[in-house]
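# Structure at a glance
Read off the chains here:
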Amino acid sequence: MMPVGVRYRRIDRHGGELRLRTAAVSDRDTEAAAVLAPEAVGVCRSDLRELTGDRHQRRDFGHEIVARVVAARPDGLLPPGCRVVFDPHPALDRTSGFGELVELYGRPDALSAALVPVDETLDAAVAVQAEPLACAVHCVRRLETASRQLGLQRDDPVAIVGAGAAGALIAAVLLAGGVPAQVTNRGSARVEFLRRRGFLPAPSLAAIPDGRRFPRVVLATAAASPEALGRAVRLVEPNGLLMLFAGTRPGTGLGGIDLDPVRRRQQLVPIRADGSGFYVAGTHGAVTDDFRKALTLLAPSAETGLPDRLAALVTDELSLDQATRTLPRHAASGFLGKTLVRPAGPTSPRRPTQEETCG
Ligand SMILES: NC(=O)c1ccc[n+]([C@@H]2O[C@H](COP(=O)([O-])OP(=O)(O)OC[C@H]3O[C@@H](n4cnc5c(N)ncnc54)[C@H](OP(=O)(O)O)[C@@H]3O)[C@@H](O)[C@H]2O)c1
């Protein structure tokens, strides 16, 4: 039964301000609904970009979630107690992810697609990174498709501009698939952090000599700023491929072309800029297959050791009170590694019975 009226605490965003408030589970008349009790919620750069008003179009505050299902309707959608990671891409109405509970409303097919069952044994600090990892997997798949279209090789080396969470994950997925990947960043702190925590092997973090160019480059900075785009363009070979992962907005231009639709609609276009001709492609979000692949990479048996390496990236674990104070500071001054919010909920969902399957 849906826990209508149950009171819980959650962080809501009001413009550039966060407020921790008590809410009650509502009784909305939608075809399908679910209430989740998050074990952990990851803080993504795009959450912070919503806070600073710098995120265009999408809104999904607190979307890296590992949780248990408290209740779901219609019956049979998922039994209470199932452990899931959240896929924010199916269209749903929902409350902030930074809460003791999360309410989700929409169509049964969207709700079912958004709740991806996850292994009981996977550490929450790792499972919570399934969503950003799925976006990295999607980016690598887009890179493979566009490379094929351009006659580039699947294992041609890749330079990744941006050593934040996204750049690090994209490099890890490439390396897991046997593709040489090298990460570069405008400041040294993030590269040093990845080296210290052993997330990437030393050759992938080595400085790129001046003038070295790559057949394929991924831009994975917080925003596709003119400066970040310029660095990426200087790294791409003539006729090479520049994959846009970084946040864009209408009017983000290069060589007279608006890059926002290129990224959001995942197009592939020829561009001339900085005296060179090359191709730009876009990657946006993730699909169910990307989540499946991400969870395979996170399996405890995975040869890449990715679960332990991801656990080593966690720098901060915050309560809801602490997160309300800390996230605005992170938005203003940036942060290294993965910050997790650990809401302790008012309900302890029962575990599924042996007869009930979580998918
Ligand atoms: N395509 C998709 O499907 C998808 C999915 C998820 C996220 N994203 C995008 O990926 C972005 C990167 O996320 P993240 O988690 O890696 O962020 P992050 O961990 O905060 O890393 C930020 C990176 O961007 C650089 N940076 C910071 N401010 C910048 C600016 N104003 N101009 C240019 N570079 C800047 C940082 O360099 P320093 O270390 O020198 O500061 C660092 O390399 C997000 O903002 C989001 O828009 C895309």
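Anything mentioned here points back to the structure above.
In this text, all values refer to a predicted model and were calculated from it rather than measured experimentally.

## Comments concerning the overall build of the chain
A tally of regular secondary structure across the chain gives twelve helices and 18 strands. For 359 residues, the compact-globule estimate of 2.2 N^0.38 gives 21 Å, and the chain sits close to it at 20 Å. Expressed as a percentage of the 359 residues in the chain, the buried residues total 54%. In the chain, the proportion of contacts linking residues at least 24 apart, taken out of those at least 6 apart, comes to 68%. As displayed, the chain has an accessible area near 15100 Å², and 48% of this comes from carbon and sulfur atoms.

## Things to note about unusual backbone geometry
Here the bond from R73 into P74 is cis, since omega is 5 degrees, no more than 30 degrees from zero. Positionally, P74 belongs in the loop between strand 4 (64-73) and strand 5 (83-86). Of note in the backbone geometry, D274 takes a positive phi value of approximately 55 degrees without being a glycine. Turning to its location among the elements, D274 is positioned in the loop between strand 15 (268-273) and strand 16 (276-282). Residue classification places D274 among the exposed residues on the basis of a relative accessible area of 57%.

## Side note on the sheet that holds strand 15
Overall, mixed pairing links the six strands, which are arranged 10-9-11-12-16-15 in an open sheet. Edge positions in the sheet fall to strand 10 (181-184) and strand 15, since each has one partner strand and no second. Between one strand axis and the next, the sheet turns by 25 degrees as a mean value, whatever way the strands run. Bridging between strand 12 (residues 236-244) and strand 16 involves four bridges; their strand directions are parallel. Paired with L242 across the strands is V280, a residue of strand 16. Here helix 4 (residues 130-150) sits on the sheet in contact with strand 9 (158-161), strand 11 (214-219), strand 12, strand 15 and strand 16, set at roughly 150 degrees to strand 12. Running over the sheet, helix 8 (residues 226-235) touches strand 9, strand 10, strand 11, strand 12, strand 15 and strand 16 and is turned about 140 degrees from strand 12.

## Remarks on the pairing of strand 9
Both faces of strand 9 are covered, namely the face carrying V158 and I160 and the face carrying A159 and V161. Relative to strand 10, strand 9 runs parallel, the two sharing four bridges. For A159, the partnering residue across the bridge sits in strand 10 and is Q182. Handedness of the strand 9-helix 5 (residues 165-176)-strand 10 crossover: right-handed. Direction of pairing for strand 9 relative to strand 11: parallel, over a ladder of four bridges. Each bridged residue has a counterpart across the sheet, and for V161 the counterpart in strand 11 is L219.

## A short note on helix 12 (residues 320-333)
Between its first and last C-alpha, helix 12 extends 20 Å over 14 residues, near the 20 Å set by a 1.5 Å rise per residue. The axis of helix 12 is deflected most strongly, by about 30 degrees, at T326, and proline P328 appears within four residues downstream. Residues of helix 12 that are buried: L320, A323, T324, T326, L327, H330 and A331. Looking at the buried side of helix 12, the elements it contacts are strand 1 (7-14), strand 2 (17-24), helix 1 (45-51), strand 17 (314-318) and strand 18 (338-341). A positive phi of about 75 degrees marks G334, the residue just after helix 12.

## Some words on the side chain of S96
Assignment of secondary structure puts S96 in the loop between strand 6 (93-94) and strand 7 (102-106). A distance of 2.6 Å separates the side chain of S96 from the backbone oxygen of I11, its partner in a polar contact. Side-chain polar atoms of S96 contact the backbone nitrogen of F98, separated by 3.0 Å. Not counting residues within four places of it along the chain, the set of residues in contact with S96 comprises R10, I11, D12, F61, L101 and V102.

## Thoughts on the environment of S301
Position of S301 among the secondary structure elements: in the loop between helix 10 (288-298) and helix 11 (306-311). Residues S301 and A202, 99 residues apart in the sequence, show an inter-C-alpha distance of 24 Å.

## Notes on the site of the ligand
Around the ligand sit 24 residues, and of these R49, N185, R190, A222 and G285 come closest. Taking R263, its side chain carries an N or O atom lying 3.2 Å from a nitrogen atom of the ligand. In the model, a nitrogen atom of the ligand is placed 3.0 Å from a nitrogen or oxygen of the T283 main chain. Alone, the ligand offers 940 Å² of accessible surface; in the complex the protein occludes 84% of this.

## Quick look at the packing of aromatic side chains
This model, assessed by the stated rule, comprises one aromatic pair. One cation-aromatic arrangement involves R28 over Y105; the distance from NZ or CZ to the ring centre is 4.3 Å. Lying across the ring of F199, R309 places its NZ or CZ 5.1 Å from the centre.

## Re helix 5
The terminal C-alpha atoms of helix 5, which comprises twelve residues, lie 16 Å apart, in line with the 16 Å expected from a rise of 1.5 Å per residue. G167, A168, L169, I170, A171, A172, V173 and L174 are the residues of helix 5 that are buried. Immediately downstream of helix 5, the backbone of G178 shows phi near 80 degrees, a positive value.

Quick notes on the rules
Residues numbered from 1 in each chain as written. Predicted model: local features only at pLDDT ≥ 70, side-chain atom pairs only at ≥ 80, totals over all residues. Heavy atoms only, no water. Helix = DSSP H or I, 4+ residues; strand = E, 2+ residues; numbered from the N terminus. Rg over C-alpha atoms; globule rule 2.2 N^0.38 Å. Buried < 20%, exposed > 50% of the residue type's maximum accessible area, 1.4 Å probe, protein only. Contact = heavy atoms within 4.5 Å. Areas by Shrake-Rupley, 256 points an atom, 1.4 Å probe, with all protein chains shown as cover. Pairing = 2+ DSSP bridges. Axes fitted to C-alpha atoms, helices over the stretch in contact; angles between N-to-C directions. Right-handed = clockwise from strand over helix to strand, strands pointing away. Expected span 1.5 Å × (residues − 1). Bend = angle between axes of the 7 residues up to and from the residue. Polar contact = N/O pair within 3.5 Å; in protein donor to acceptor, adjacent residues only side chain to side chain. Near = heavy atom within 4 Å. Phe/Tyr/Trp six-rings, centres within 6.5 Å; stacked < 30°, edge-to-face > 60°. Lys NZ or Arg CZ within 6 Å of the ring centre and 35° of its normal.

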